2 protein chains.
Amino acid sequence: MAGKVAERRAALRENLINIAEQRIANDGLSELRARDLAKEAGCALGAIYNVFGDLTDLVLAVNARTFHKLGAEVAEALADAPQDPVEQLVVMSQAYHRFAAANLHAWRALFDVERAPDEDAPEWYLQEMGRLFTYISDPLAVIFPQYSDQERALLTRGLFSSVHGIVLLGLDGASAGVPSDEIDSMIALILRQITLAK
Amino acid sequence: MAGKVAERRAALRENLINIAEQRIANDGLSELRARDLAKEAGCALGAIYNVFGDLTDLVLAVNARTFHKLGAEVAEALADAPQDPVEQLVVMSQAYHRFAAANLHAWRALFDVERAPDEDAPEWYLQEMGRLFTYISDPLAVIFPQYSDQERALLTRGLFSSVHGIVLLGLDGASAGVPSDEIDSMIALILRQITLAK
DNA sequence: ACAGTATCATGAACCTCGTTCACTAACGGG
DNA sequence: CCCGTTAGTGAACGAGGTTCATGATACTGT
């Protein structure tokens, strides 16, 4: 019976990702413990390291799922959005906000995991990021047909970063908890203002 | 000799903040070690805990300094800025960017320190934040005199968050290192676009 | 000045965690 | 059925934040 080991390992891998995913979703990245994972998965502590190089690798696997779900939700919002490109931007941004609010811990884990400073971002990250950027860039091409590709790329990145910043600080408790509606208003206000200036 | 203890403690406190500040500036928050601090300050390990409740308190003391310096640099930029309110916003935002880039680790520590989820932000944080918000709100009042205070507050917060997001993602290595000039361009592009739409 | 008491500083010890590795168990080819 | 190879195990290791019993130090009243 060839591949039995690989099968068992793949199953453990899936299992560990599921457990870590739930743990992060419930309690946040900082509450993830190797010993908890092993206990809940019914495996030895060392078994985790037969399947993942370290806990960061496991977290990255969870993050890949999270990011993919995020992209899917934004895409779904876009599919249901009106034709008007400005409204498309607003709807997608609010979908981003909705996802972040509904999956706060998992969403935070996307950015809180510490990457080694030398190695670059994983492939799935760049791919999903590109997907999101395309969703933004397409309506922008309609709104600002006179812009060069380079200018549009700049604006795309800038708008994404802006919305990200608004959601980030809005969901941060330190800012005394901005109400969800106000975050959506801020997003809409800024996007509509920017895109008014054709 | 009254107050000798208090004096010694105050000196140790200053000393520890200085050492931690330098350590964070050089190597980042994650490289801060209680044992290193004690060794460099020439004090016992436990002495740190006579002066600070825990290391987070010490980091918060460093952050207070960082945030104050940040506010001062933005204020200075504003003082040297032209009268045009839009340009004032651009200049301040680019000063924010410049500070973050020049003090990357210290700036990151402002946001990376984990606060207990129940207790709210320290007083100095709210005060400095309010100062920054005032700097933004004042030019906005000139640009958009028709806005209510509430609308302007929303726009203020939104603009700050946007600029923060642009700087944050721009300085993040994962985005493949956006050149400094492009970050400034993004900031200027977005601010000018928004404020065109009077 | 001195004894007595309260307060402070000290660093070894404690605890939590991620990670490793010597050992044991399981597997499979001959 | 035996033996070499591979996989799984969990005790042990090392790092690091925090605590606390103990000895040193400073204050107070006489």
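Residues numbered from 1 in each chain as written. Chains lettered and ligands numbered in written order. Predicted model: local features only at pLDDT ≥ 70, side-chain atom pairs only at ≥ 80, totals over all residues. Heavy atoms only, no water.

### So, the packing of helix α8 (residues 149-171) of chain A against helix α9 (residues 180-196) of chain B
As a packed pair, α8(A) and α9(B) sit with axes 9 Å apart at the nearest point and diverge in direction by 75 degrees. Our classification of the angle between α8(A) and α9(B) gives roughly perpendicular. Facing α8(A), whose interface residues are L154(A), L155(A), R157(A), G158(A), L159(A) and S162(A), α9(B) presents E182(B), S185(B), M186(B), L189(B) and I190(B). (Axes fitted to C-alpha atoms, helices over the stretch in contact; angles between N-to-C directions. Helix = DSSP H or I, 4+ residues; strand = E, 2+ residues; numbered from the N terminus. Parallel < 35°, antiparallel > 145°, perpendicular 65-115°, else oblique. Contact = heavy atoms within 4.5 Å.)

### Topic: the domain arrangement of chain A
One frequently used descriptor of interface size is the decrease in accessible area upon assembly of the parts. Residue and element names in this part refer to chain A. Partitioning chain A into structural domains gives domain 1 (1-53) and domain 2 (54-195). Here the C-alpha centre of domain 2 lies 29 Å away from the C-alpha centre of domain 1. Each partner contributes to the interface: domain 1 provides 20 residues, whereas domain 2 provides 14 residues. A per-residue breakdown of the area domain 1 buries against domain 2 is headed by E21, I24 and L29, which together make up 36% of the total. Summed over the shared surface of domain 1 and domain 2, the result is three salt bridges. For E21, the salt bridge goes to K69, with nearest N and O atoms at 3.3 Å. At the junction of domain 1 with domain 2, the criterion picks out seven residue pairs in polar contact (both at pLDDT 80 or more). Counting only elements with at least two residues in the side of domain 1 that touches domain 2, the list comes to α1 (4-27), α2 (34-41) and α3 (48-51). (Domains from an automatic or database assignment. Buried area = accessible area lost by both parts, 1.4 Å probe. Salt bridge = Lys/Arg side-chain N within 4 Å of Asp/Glu carboxyl O. Polar contact = N/O pair within 3.5 Å; in protein donor to acceptor, adjacent residues only side chain to side chain.)

### With respect to the interface of chain B and chain A
Facing the 34 residues of chain B at the interface are 33 residues of chain A. Summed over both partners, the interface of chain B with chain A buries about 2,800 Å², with 68% contributed by carbon and sulfur atoms. Linking chain B with chain A are two salt bridges. In this structure, D172(B) engages R115(A) in a salt bridge whose closest nitrogen and oxygen atoms are separated by 3.3 Å. On the surface where chain B and chain A come into contact, there are four residue pairs in polar contact (both at pLDDT 80 or more). If you list the elements that add at least two residues to the side of chain B that touches chain A, you get α7 (123-143), α8 (149-171) and α9 of chain B. Ranked by the residues each element gives to the side of chain B that touches chain A, the list is headed by α8(B), at 14 residues.

### Considerations on the protein's contact with DNA strand C
The environment of DNA strand C is made up of 18 residues, and the closest members are R33(A), A34(A), R35(A), Y49(A) and R9(B). For DNA strand C, the fraction of protein-proximal atoms (within 4 Å) that sit in sugar or phosphate groups is 60%. Mapped by element, the contributors of at least two residues to the surface near DNA strand C are α2 of chain A together with α1 (4-27) of chain B. When residues of the surface near DNA strand C are assigned to their parent elements, the largest contribution, three residues, is made by α1(B). Grouping the amino acids of the surface near DNA strand C by side-chain chemistry returns 10 nonpolar, two polar and six charged. (Near = heavy atom within 4 Å. Nonpolar A, V, L, I, M, F, W, Y, C, P; charged D, E, K, R; others polar.)

### Topic: helix α4 (residues 55-79) of chain A
Residues and elements named next belong to chain A. Helix length check: α4, at 25 residues, gives a terminal C-alpha distance of 36 Å against a target of 36 Å (1.5 Å per residue), a fit within 8%. Residues of α4 that are buried: L58, V59, A61, V62, N63, T66, F67, L70, G71, V74 and A77. Looking at where α4 begins, the residue whose side-chain oxygen comes 3.1 Å from the main-chain nitrogen of T56 is D54. (Expected span 1.5 Å × (residues − 1). Buried < 20%, exposed > 50% of the residue type's maximum accessible area, 1.4 Å probe, protein only.)

### Comments concerning the relation of the copies chain B and chain A
Laying chain B over chain A is done by rotating through 180 degrees and shifting 0.1 Å along the axis; what remains is an RMSD of 0.1 Å. Considering both components of the superposition, the chain copies are consistent with a two-fold axis. Same-surface contact between copies: 94% of interface residues of chain B are shared with the interface of chain A. (Least-squares fit on C-alpha atoms with pLDDT ≥ 70 in both.)

### Looking at the environment of H105(B)
All names here are of chain B. Relative to the helices and strands, H105 resides in helix α6 (residues 104-112). Residues H105 and L155 lie 50 residues apart in sequence; the distance between their C-alpha atoms is 29 Å. Residue contacts for H105: discarding those within four places in its chain leaves I24, A25, N26, D27 and G28. Here the side chain of H105 touches A25 through a polar contact of 3.2 Å, landing on its backbone oxygen.

### Here's the deal with the confidence of the model for chain A
With 94% of its residues at a pLDDT of 70 or more, chain A has an overall mean of 92. Averaged over each element, pLDDT in chain A is lowest for helix α9 (residues 180-196) of chain A (90) and highest for helix α5 (residues 85-102) of chain A (98). (pLDDT = per-residue confidence, 0-100.)

### Quick word on a negative patch on the surface
Negative charge collects at one region of the surface, where D54(A), D57(A), D118(A), E119(A) and D120(A) lie side by side. With respect to the helices, strands and loops of the structure, E119(A) is situated in the loop between α6 (104-112) and α7 (123-143). (Patch = residues over 30% accessible without salt bridge, like charges linked within 9 Å, V, L, I, M, F, W, Y side chains within 5 Å. Areas by Shrake-Rupley, 256 points an atom, 1.4 Å probe, with all protein chains shown as cover. Lys, Arg positive; Asp, Glu negative; His and termini not counted. Charge placed at Lys NZ, Arg CZ, Asp CG, Glu CD.)

### Regarding the pattern of salt bridges
All names here are of chain A. Enumeration according to the criterion identifies 22 salt bridges over all chains in this entry. Of the charged contacts, one joins D149 and R152 as a salt bridge, the two residues approaching to 3.3 Å between their closest N and O atoms. Of the two residues, D149 and R152 are both situated in helix α8; the distance of three residues between them amounts to about one turn of the helix. On the basis of relative accessible area, D149 is assigned to the exposed category, the value being 58%. Given a relative accessible area of 17%, R152 falls into the buried group. A single salt-bridge network, built from bridges that share partners, covers E14, E21, R65 and K69.

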